[in-house]
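Chain residues, written in single-letter form:
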Amino acid sequence: MYEMRAAKAASAEWRRIFHIHKNTFCTEIGGQQNPKLKIFDRHLKRQQRDRAAWLMSSKDTLVDAVAENLIDRLEDCKKSFPTALCMGGSGEAVRRLLNGRGGIEKLTMMDMSFDMLRTCRDAEKTLPETTVETSYIVGDEEYLPLQERSMDLVISCLGLHWTNDLLGAMIQSRLALKPDGLFLGAILGGETLKELRIACTVAHMEREGGISPRLSPLAQVRDAGNLLTRAGFSLPGVDVDEYTVRYKSALELIEHLRSMGETNALSQTTRTLKRETALAAAAIYESMFGADDGTIPATFQVIFMTGWREHSSQQKAKQRGSATVSFADLQKQFGG
Amino acid sequence: MVRLNRVLFKDTVISFNKSILDMLVCPLSKQPLRFCEETNSLISDTIGVSFPIVDGIPCLIPQDGKIIETDDTLNSGKGEASSSPVAEQSKEKTSDS
């Protein structure tokens, strides 16, 4: 009963918001209930992903490598995951490279962009016959529309670094998991595109005399472990991989970012980069980081996060004072 | 250079797969959803919002939701999903809660 009353009160508030802020994002409540920090413009990100769905090539080496790395972790578990959710980012690559790993029977693909899902659905027709039953929903990672305890596995490949409330998204993923369910996430880390960051900053300072953020804030490795624990996952695991991709020119790098849907969606940035500043940034990039053969490198640091929903079968640290063997005994055993 | 390499073809109408309905909840209130045949949408009764289903794919993003006008037809289990831009109506509702 209490829940019904609370839901009704919340509903009245939401209806008011829908009426007054009709064309605005529903998180812009105007400083009333949830003054959430809005770093990223989710609506713009959605449009960029729609565009990326058309620009996407069928084989992207970077995205495929990350997805392959992520899915490989399923092979390390004896458990099979009949119901799985794949959230945003490069869901298409995950679906394509799955190849029956993890024992997945029912897969739900979720993305913010409708066009991305449609592309996935069309691409599925070209996949070899599999026993995976795929369904598609348009949803936001920050407002996960999934029933609690309904999923064995939640995968997010390069999608969560665009959420405003990363911790909230991870908490909702955990709640959607069944006990002893697995969460696998891959996000871009702080070292990503550091060359581009440096080149843009230098060019900006030279041309316009100030700095405006051109690259989104990205999580550090030390934060990832914290996030998993705060979200309530047990047995958390974090590891980092760095990929260096070589491009013929800075323009190719930007095109690649566009086709992945990873272009700038910061709320605070002045959208248009001046032509001279952009050209200057490209020139600085090539002069500072260019290799002898004229190609330029770009670093992508990917942080892989693993977490399980708590279950009684998982190992836990024993209570203090319950030891039955002392260190002295161990020393004798191993002849130390 | 932008090269479009997608083939545009007209899909046959793909219907919504009801078996996933028991997995889905409203993204805002986290309460179960109801499928409404005539408007082809998923209705969240607790907050009175309907989410459209486009091409067999439900759009469960908060900004895609439409307020349902509360009139007597809602009680009989069928809702009229139409957006009402009347500000007075919203003020009335907040006074109810």
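Procedures and definitions
Residues numbered from 1 in each chain as written. Chains lettered and ligands numbered in written order. Predicted model: local features only at pLDDT ≥ 70, side-chain atom pairs only at ≥ 80, totals over all residues. Heavy atoms only, no water. UniProt positions renumbered as here; feature names shortened; annotations may be inferred. Helix = DSSP H or I, 4+ residues; strand = E, 2+ residues; numbered from the N terminus. Buried < 20%, exposed > 50% of the residue type's maximum accessible area, 1.4 Å probe, protein only. Contact = heavy atoms within 4.5 Å. Areas by Shrake-Rupley, 256 points an atom, 1.4 Å probe, with all protein chains shown as cover. Salt bridge = Lys/Arg side-chain N within 4 Å of Asp/Glu carboxyl O. Axes fitted to C-alpha atoms, helices over the stretch in contact; angles between N-to-C directions. Parallel < 35°, antiparallel > 145°, perpendicular 65-115°, else oblique. Left-handed = near helix turned anticlockwise from the far one by under 90°. Core = buried A, V, L, I, M, F, W, Y, C linked by side-chain atoms within 4.5 Å. pLDDT = per-residue confidence, 0-100. Phe/Tyr/Trp six-rings, centres within 6.5 Å; stacked < 30°, edge-to-face > 60°. Lys NZ or Arg CZ within 6 Å of the ring centre and 35° of its normal. Patch = residues over 30% accessible without salt bridge, like charges linked within 9 Å, V, L, I, M, F, W, Y side chains within 5 Å. Expected span 1.5 Å × (residues − 1). Arc of directions from axis to C-beta.

- An unreviewed UniProt entry annotates chain B as Protein preY, mitochondrial originating from Lithospermum erythrorhizon.
- What the UniProt record of chain B gives under Sequence similarities (unreviewed entry) is the line "Belongs to the PREY family."

- Looking at an unreviewed UniProt entry, one finds chain A named Methyltransferase type 11 domain-containing protein and attributed to Lithospermum erythrorhizon.

## Notes on the overall build of chain A
No. 1: A count of helical and extended segments in chain A gives eleven helices and seven strands.
No. 2: Considering chain A as a whole, with its 336 residues, one finds that 52% of them fall into the buried category.
No. 3: Contacts spanning at least 24 positions in sequence make up 81% of the contacts within chain A whose residues lie at least 6 apart.
No. 4: As presented, chain A carries roughly 16800 Å² of accessible surface, and 53% of it is formed by carbon and sulfur atoms.

## A closer look at the pattern of salt bridges
Two side chains bearing opposite charge may form a pair once their charged atoms approach each other closely.
All names here are of chain A.
No. 1: Applying the stated rule across the entire model yields 22 salt bridges over all chains.
No. 2: With a closest N to O distance of 2.4 Å, R42 and D140 form a salt bridge. Of this pair, R42 sits in helix α2 (residues 42-55) while D140 sits in the loop between β3 (133-139) and β4 (151-157), and the two are 98 residues apart along the sequence.
No. 3: R42 sits in the buried class, given a relative accessible area of 2%.

## Considerations on the packing of helix α7 (residues 194-208) of chain A against helix α10 (residues 275-289) of chain A
Residues and elements named next belong to chain A.
No. 1: As a packed pair, α7 and α10 sit with axes 8 Å apart at the nearest point and diverge in direction by 130°. When the interaxial angle is binned, α7 and α10 end up oblique. Handedness of the crossing formed by α7 with α10: right-handed. Within the contact between the two elements, α7 uses E195, L196, I198, A199, C200, V202, A203, H204, E206, R207 and E208 and α10 uses E276, T277, A280, A281, I284, Y285, M288 and F289.

## Remarks on the nonpolar core
Residues and elements named next belong to chain A.
No. 1: Membership of the largest hydrophobic core comes to 60 residues, with the highest contact counts inside it found for V66, L153 and F300.
No. 2: It is helix α3 (residues 61-75) that provides the largest number of residues to this core, a total of seven residues.
No. 3: Leaving out residues up to four positions away in the same chain, F300 has contacts with L62, L188, T192, L193, D241, E242, Y243, V245, Y247, L257 and M260.
No. 4: Listed in part, the 42 residues of the second largest apolar core include L85, L166, L167 and I187.

## Let's talk about the confidence of the model for chain B
Residue and element names in this part refer to chain B.
No. 1: Per-residue pLDDT for chain B has a mean of 69; in total, 57% of the residues score no lower than 70.
No. 2: Counting contacts from residues 72-97, a segment whose pLDDT is below 50, to residues more than four positions away or on other chains yields 31 contacts.
No. 3: Note on the complex model: pTM 0.77, ipTM 0.71.

## Points about the packing of aromatic side chains
Residues and elements named next belong to chain A.
No. 1: Enumeration according to the criterion identifies four aromatic pairs over all chains in this entry.
No. 2: A ring pair is formed by F183 and F233, whose centres lie 5.0 Å apart and whose planes are at 20°; its orientation type is stacked. Here F183, found in strand β5 (residues 177-188), pairs with F233, found in the loop between α8 (221-230) and β6 (234-247); they are 50 residues apart in sequence, far enough to count as distant.
No. 3: For F183, a relative accessible area of 0% puts it in the buried group.
No. 4: A ring pair is formed by Y285 and F289, whose centres lie 5.7 Å apart and whose planes are at 75°; its orientation type is edge-to-face. With a gap of four residues between them, Y285 and F289 both fall in helix α10, about one helical turn apart.
No. 5: The ring of W162 carries the charged tip of K45 above its face, separated from the ring centre by 3.6 Å.
No. 6: If you follow R73 out to its NZ or CZ, it ends over the ring of F304, 4.5 Å from the centre.

## Quick look at the confidence of the model for chain A
No. 1: Per-residue pLDDT for chain A has a mean of 83; in total, 88% of the residues score no lower than 70.
No. 2: Confidence drops under a pLDDT of 50 for residues 17-35 of chain A, and excluding neighbours within four residues, the segment shows 32 contacts in the predicted structure.

## Description of helix α9 (residues 250-260) of chain A
Residue and element names in this part refer to chain A.
No. 1: Within the sequence span of α9, burial applies to A250, L253, H256, L257, S259 and M260.
No. 2: Buried residues along α9 sit against α2, α3, α7, β6, α10 and β7 (296-308).
No. 3: Looking one or two residues past α9, G261 carries a phi angle of roughly 80°, positive in sign.

## Comments concerning a nonpolar patch on the surface
No. 1: Taken together, the side chains of A:V325, A:F327, A:L330 and A:F334 present a nonpolar region at the surface, about 500 Å² in accessible area.
No. 2: Mapped onto the secondary structure, A:L330 falls in helix α11 (residues 327-333).

## Points about α7(A)
Residue and element names in this part refer to chain A.
No. 1: Its 15 residues place the ends of α7 21 Å apart at the C-alpha level, agreeing with the 21 Å of an ideal helix rising 1.5 Å per residue.
No. 2: Buried residues of α7: E195, L196, A199, C200, A203 and H204, and no others. Each buried residue of α7 lies within a common arc of 155° when the element is viewed along its axis, so the set occupies one face.
No. 3: In this fold, the buried residues of α7 make contact with α9, α10 and β7.
No. 4: Directly beyond the C-terminal end of α7, a positive phi value near 70° is found at G209.

## Examining unusual backbone geometry
Residues and elements named next belong to chain A.
No. 1: At R149, a residue that is not glycine, the phi angle is positive and equals roughly 55°.
No. 2: Tracing the backbone through its elements, the reader meets R149 in the loop between β3 and β4.
No. 3: A relative accessible area of 45% places R149 in the partly exposed class.
No. 4: Residues other than glycine seldom take positive phi values, yet D180 does so here, at roughly 70°.
No. 5: Along the chain, the position of D180 falls in strand β5.

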